[in-house]
Amino acid sequence: MKDSIKILAVETSCDETAAAVSENGLNILSSVVASQVDWHQKYGGVVPEIASRKHMEFINPVIDEALKEAEVTLEEIDAVAATYGPGLVGSLLVGLSYAKAMALALNKPFIGVNHIAGHIYANFISKKDIETPVICLTVSGGHTDLLYFKEYGEYEILGRTQDDAAGEAFDKIARYLGLGYPGGPLIEKRAQNGKEDAVDFPRPFLDKDNYDFSFSGLKTAVINYIHNQKQKGNDLNINDIAASFQKAVIDILTAKTLKAALNKKVNSVILSGGVAANERFREVLKERLAREEIPLYYPDLKLCTDNAAMISTVAYYQYKKGDFADLDLNADPNLQL
Ligand code: KG4
Ligand code: ZN
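Cut-offs and rules
- Here the residue index of a chain counts from 1 through its sequence in written order.
- Whichever chain is written first is A, and whichever ligand is written first is 1; the rest continue in order.
- Residues qualify for local features only when their pLDDT is at least 70, as the model is predicted, and side-chain atom pairs are given and counted only at 80 or more; totals for whole chains, interfaces and linings, by contrast, use all residues.
- The side-chain values count all of the structure's non-hydrogen atoms but skip hydrogen atoms and water molecules.
- In this listing, donors mean N, O and S atoms no farther than 2.8 Å from the metal, or 3.2 Å for Na, K and Ca; water is missing from the atoms, so a site can look incomplete.
- Tetrahedral means four donors with every angle between 85 and 135 degrees, whereas square planar (four donors) and octahedral (six donors) require angles over 155 degrees between opposite donors and between 65 and 115 for all others; sites fitting neither are termed irregular.
- In DSSP terms, a helix is any run of H or I states spanning at least four residues, a strand is any run of E spanning at least two, and both are numbered starting from the N terminus.
- Throughout this description, buried means an accessible area under 20% of the type-specific maximum (1.4 Å probe, protein chains only), exposed means over 50%, and partly exposed covers the range between.
- Domain segmentation is taken from an automatic or database assignment of domains.
- Here the quantity called buried area is the accessible surface, traced with a 1.4 Å probe, that two parts lose on coming together, added over both.
- Salt bridge, as used here, is a side-chain nitrogen of Lys or Arg placed within 4 Å of a carboxyl oxygen of Asp or Glu.
- A single heavy atom is enough: if one lies within 4 Å of a molecule or strand, its residue is considered near that molecule or strand.
- Contacts described as polar in this section are N or O atom pairs within 3.5 Å, which, within protein, must combine one atom able to donate a hydrogen with one able to accept it, while residues neighboring in sequence count only if both atoms come from side chains.
- Amino acids are sorted into nonpolar (Ala, Val, Leu, Ile, Met, Phe, Trp, Tyr, Cys and Pro), charged (Asp, Glu, Lys and Arg) and polar (every other residue, Gly among them).
- Only centres within 6.5 Å qualify two rings of Phe, Tyr or Trp (six-membered ring in Trp) as a pair; their planes then separate them into stacked at under 30 degrees, edge-to-face at over 60, and tilted for everything else.

### A word on the coordination of the zinc ion (ligand 2)
Looking at the zinc ion (ligand 2), the protein donor atoms are His115 (NE2), His119 (NE2) and Asp306 (OD), and they sit 2.0 to 2.2 Å from it. Its four donor atoms give the zinc ion (ligand 2) angles of 90 to 148° at the centre, a pattern that matches the irregular case. Sequence positions of the donors to the zinc ion (ligand 2) reduce to the motif H-x3-H-x186-D. Here His115 pairs with His119, and both are found in helix 4 (residues 115-126), just four residues apart, close to one helical turn. Accessibility classification places His115 together with His119 in one group, the buried group.

### Concerning the domain arrangement of the chain
Once the domains are mapped, the chain shows domain 1 (6-119 + 304-320) and domain 2 (132-266). If you average the C-alpha positions of domain 1 and of domain 2, the two centres end up 28 Å apart. Buried surface at the junction of domain 1 and domain 2, both sides included, amounts to about 880 Å², of which 68% is carbon and sulfur. Considering only the surface of domain 1 that becomes buried against domain 2, Gly44, Ile116 and Tyr317 emerge as the three largest contributors, covering 46% of it. Joining domain 1 to domain 2, the criterion identifies zero salt bridges.

### Observations concerning the site of ligand 1
In the region of ligand 1, 20 residues are neighbours, and Gly141, Asp171, Gly184, Glu188 and Asn278 sit closest. Between ligand 1 and the protein, one listed contact pairs an oxygen atom with a backbone N or O atom of Gly141 at 2.7 Å. With respect to ligand 1, the backbone of Val275 contributes an N or O atom lying 3.5 Å from an oxygen atom. When residues of the shell around ligand 1 are traced back to their parent elements, those giving at least two are helix 4, helix 5 (166-176) and helix 6 (183-191). Sorting elements by how many residues they give to the shell around ligand 1 places helix 6 first, with four residues. Class assignment for the residues of the shell around ligand 1 results in five nonpolar, 12 polar and three charged. Both domains that furnish three or more residues to the shell around ligand 1 are identified here as domain 1 (6-119 + 304-320) and domain 2 (132-266).

### Notes on the packing of aromatic side chains
This structure, assessed with the given rule, holds 11 aromatic pairs. When the ring of Phe149 is compared with that of Tyr155, the centres are 5.8 Å apart and the planes differ by 40°; the resulting orientation is tilted. Accessibility expressed as a relative area gives 30% for Tyr155, which makes it partly exposed. Aromatic side chains Tyr319 and Phe324 sit 5.5 Å apart centroid to centroid with 85° between the ring planes, which places their arrangement in the edge-to-face category. Taken together, the ring pairs connect Tyr121, Phe124, Phe149, Tyr155, Tyr316 and Tyr317 into an aromatic cluster.

### Here's the deal with unusual backbone geometry
Backbone geometry follows two general trends: most residues other than glycine have a negative phi, and most peptide bonds adopt the trans configuration. Cis geometry marks the peptide bond from Thr132 to Pro133, where omega comes out at -5°. Structurally, the position occupied by Pro133 is in the loop between helix 4 and strand 6 (134-139). In the Ramachandran plot, Asn24 falls in the positive-phi region, its phi being about 50° despite a non-glycine side chain. Along the chain, Asn24 falls in the loop between strand 2 (16-23) and strand 3 (27-35). The phi dihedral of Lys265 is positive, around 50°, even though this residue is not glycine. Structurally, the position occupied by Lys265 is in the loop between helix 8 (238-263) and strand 9 (268-272).

### Focus on the pattern of salt bridges
One pass over the structure, following the stated rule, counts 17 salt bridges. One salt bridge connects Lys172 with Asp164, and the closest N-O pair in it is separated by 3.6 Å. Among the salt bridges present, the one from Lys219 reaches Asp164, with a minimum N-O distance of 2.9 Å. A residue pair is termed long-range when its members are at least 10 positions apart, and Lys219 in helix 7 (residues 216-231) and Asp164 in the loop between strand 8 (154-160) and helix 5 qualify at 55 residues. Judged by its relative accessible area of 14%, Lys219 is buried. A network of salt bridges, in which partner residues are shared, links Asp164, Glu168, Lys172 and Lys219.

Listed below in structure tokens is the structure:
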């Protein structure tokens, strides 16, 4: 194999149009993300039809920019990669079709990447020497997955959400409170000035002897609470509700992650996905794990949310194994790890 393998990756699974070029996996030469948040904000969530249209508009300039920033030409690229799931099918298809067409036109190998694997590998871009095995908690708008990661390419799913994802719960509660979208950062901000123990919301699945999660019961409890307060004519203390809700989510995520780390006797815990950007969560989990002398790592903020750098890194490890995809690879909105 050559000593420098450069991979161009495209990521369009949700509402960010992203492209990146990596060299030998972890060295990111460029990472460009065009956010569509302004177009979805007024609807309080991602509108799939708008997302697909915006991806079509942005994909060309985003790829051009990624190549320019990386200072590489199309001829110097060794393979083209794209996320093929999980995600919104219409969104996935834009990046996937574009990348397959590029691979065909350039006569280069094509690599199909799982978006969740990308979120996990984002950790290794931020910190290159994380000691494995690790427990990885992926918490985003679409996922709450707890998995055991032995080494590159070898993982075992321990548990996942049975209903809503953690980020989805943040987004729905924020919408209900009239805070806006995306909900996570807005709830976190309000929670900073609220009391975590103001309202005793339930912690579903906390005592269950498994690694699965459930957030829809918590979401309903918060909505019922808001409704009851309004009916009684009480003023809503949004800061307190935000802080108490956030605390319930953090308690559930922390307890399950800690249990997995201890049972699997891992050397580190890593976080991925948008909810990993929550500073209060990082602080609580870090402190709890420190008592067991287990270090916690999380990616830099820009690698926590959707990006193509993490996709190009996974693609490199697939490249090394010769794990290429045919050009008839289809988008899989429910792709599992
Ligand atoms: O990974 P991501 O960018 O997109 C996918 O869903 O794949 O995650 C976005 C999710 C949204 O639900 C957003 O509300 C949540 O991550 N999020 C947060 C924070 N920042 C983003 N949730 C809690 N606290 C935050 N600071
Ligand atoms: Zn994501």
